[in-house]
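Observations on the three-dimensional arrangement
Here is what each chain is made of, one letter per residue.
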Amino acid sequence: MKNIIIFGAPGSGKGTYSDEIVNRYNMGHISTGDVLRGEIKNGTELGKIAEGYIQNGQLIPDDLMISILAKTYDAMPAGKGVIFDGFPRTIAQAEALKKMLAERNHDMGVMIELIVDEETLLARLLNRAIEQGRADDNEETIKKRFAVYHSQTAPLAEWFEKEGMRNTFTWKGSKETMLSEIFAFLDTLK
Ligand code: AP5
Ligand code: MG
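Everything numeric in this text was worked out from a predicted model, so none of it was measured.

So, about the site of ligand 1. Taken together, 30 residues form the shell around ligand 1, and within it T16, T32, Q58, R89 and R128 come nearest. Within the contact set of ligand 1, an oxygen atom lies 3.1 Å away from a backbone nitrogen or oxygen of G13. Considered on its own, ligand 1 offers 1000 Å² of accessible surface; in the complex 88% of this is hidden by protein. Mapped by element, the contributors of at least two residues to the shell around ligand 1 are helix 1 (14-25), helix 2 (32-41) and helix 6 (118-132). Considered class by class, the residues forming the shell around ligand 1 number 11 nonpolar, 10 polar and nine charged.

Now for the pairing of strand 1 (residues 4-8). The side chains of a regular strand alternate between both faces of the sheet. Most of strand 1 is tucked away: five of the five residues are buried. Of the two faces of strand 1, both are covered, the one formed by I4, I6 and G8 as well as the one formed by I5 and F7. When strand 1 meets strand 3 (residues 82-85), the two strands line up parallel, connected through three bridges. By the bridge assignment, I6 is partnered in strand 3 with D85.

Take the packing of helix 1 against helix 9 (residues 175-187) next. Relative to each other, helix 1 and helix 9 sit at 45 degrees, their axes nearing to 11 Å. Relative to helix 9, the element helix 1 lies oblique. Both helix 1 and helix 9 take part in a crossing whose hand is right-handed. From helix 1, T16, Y17, E20, I21, R24 and Y25 reach across to helix 9, where they touch K175, M178, L179, I182, F183, L186 and D187.

Attention now goes to the pairing of strand 5 (residues 166-170). On strand 5, burial follows the alternation: N167 and F169 on one face are buried, whereas R166, T168 and T170 on the facing-out side are not. As paired strands, strand 4 (residues 110-115) and strand 5 are joined by five bridges and run parallel to one another. Opposite I115, over in strand 5, you have T170 as the bridge partner.

Core analysis: the biggest nonpolar cluster contains 35 residues, and F84, L97 and F160 have the highest contact counts within it. The set of elements that each furnish at least two residues to this core consists of strand 1, helix 3 (45-55), helix 4 (62-74), strand 3, helix 5 (91-103), helix 6, helix 7 (139-153) and helix 8 (156-162). Element by element, the count of residues in this core is highest for helix 4, at five residues. Excluding its chain neighbours within four sequence positions, the residues that come into contact with F84 are N3, I4, I5, I6, I30, L69, Y73 and L97.

Rules of the game
Per chain, residues are indexed from 1 in the order of the written sequence. Chain letters and ligand numbers both follow the written order, the letters beginning at A and the numbers at 1. Local features are withheld for residues below a pLDDT of 70 in this predicted model, meaning they are given only at 70 or higher, and side-chain atom pairs are given and counted only at 80 or more; totals for whole chains, interfaces and linings count all residues. With hydrogens and water stripped out, all remaining heavy atoms of the structure feed into the side-chain values. Any residue with a non-hydrogen atom lying within 4 Å of a molecule or strand is treated as near it. Whenever two N or O atoms come within 3.5 Å, that pair is a polar contact, provided that in protein one can donate a hydrogen and the other can accept it, and provided that, for residues adjacent in sequence, both atoms are side-chain atoms. Computed by Shrake-Rupley with a 1.4 Å probe, the accessible areas treat only the displayed protein chains as cover when residues are assessed. Numbering goes from the N terminus for both helices and strands, where a helix is a DSSP run of H or I of at least four residues and a strand is a run of E of at least two. Under the scheme applied here, ten amino acids are nonpolar (Ala, Val, Leu, Ile, Met, Phe, Trp, Tyr, Cys and Pro), four are charged (Asp, Glu, Lys and Arg), and all others, including Gly, are polar. Remark: exposure states derive from per-residue accessible area (1.4 Å probe, protein chains only) relative to the maximum for the residue type, with buried under 20%, exposed over 50%, and partly exposed in between. Here the rule is simple: two strands pair whenever DSSP picks up at least two bridges between them. Axis angles are defined between N-to-C directions and span 0 to 180 degrees, where every axis is a line fitted to C-alpha atoms and, for a helix, only to the segment in contact. Angle categories are assigned with fixed cut-offs, so that under 35 degrees is roughly parallel, over 145 is roughly antiparallel, 65 to 115 is roughly perpendicular, and the rest are oblique. Helix crossings get a hand from a simple test, with the near helix turned counterclockwise from the far one by less than a right angle marking a left-handed crossing and a clockwise turn marking a right-handed one. Note on contacts: a residue pair is in contact if any heavy atoms of the two residues lie within 4.5 Å. For our purposes a nonpolar core is just a set of buried Ala, Val, Leu, Ile, Met, Phe, Trp, Tyr and Cys residues, chained together by side-chain atoms within 4.5 Å.

Structure follows, in structure tokens:
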């Protein structure tokens, strides 16, 4: 499979649909949020830096995030395609990803944009707070994450549009429908 960038607001289902895509197409998966949470859990230097940003709903600085991403990408099995979940989140990260892949003669592939109304997003994240207790799933931090998404990340959709990579999927109330629309699109790429 080609590389895939899965893009959307907090709670839009990036992680959920990535798992389904990985199972169906047998590809690699990089969730930058999961990478950072792993570092925090292991008490690494990087984890100590990341923790404050995450708990406050802010983005980790671009230069740090870009170097982590390159290292993680190079550790992935070659030739299977990778799904990028939660990266890029800024124009600088998108430009860095484009450059990093070009240096390796790899293609950026396609971008999948998930559009979900904010009421649904909030309900999902508050529910996950009960089920999983993620440190940034409290209402105050969720609101900050939404604000950061709108100001820093959402404008990137236009960047992908210009690259001819943008493919938008809108939540209509059924996970099965969303998933079958995404699979129908990805099946055409194989
Ligand atoms: P990250 O972990 O990426 O969090 P996020 O973007 O806020 O997104 P979430 O993981 O909360 O949601 P999701 O879209 O994956 O949805 P999910 O499938 O879980 O990043 C966390 C933090 O790390 C950032 O705030 C930042 O500080 C830092 N960071 C990460 N990447 C960075 C970067 N590139 N640059 C700088 N900083 C970075 O679904 C949500 C819930 O809904 C789940 O419980 C799911 O089961 C449920 N759900 C219910 N119904 C559905 C449905 N129909 N479809 C999908 N999910 C559903
Ligand atoms: Mg996620």
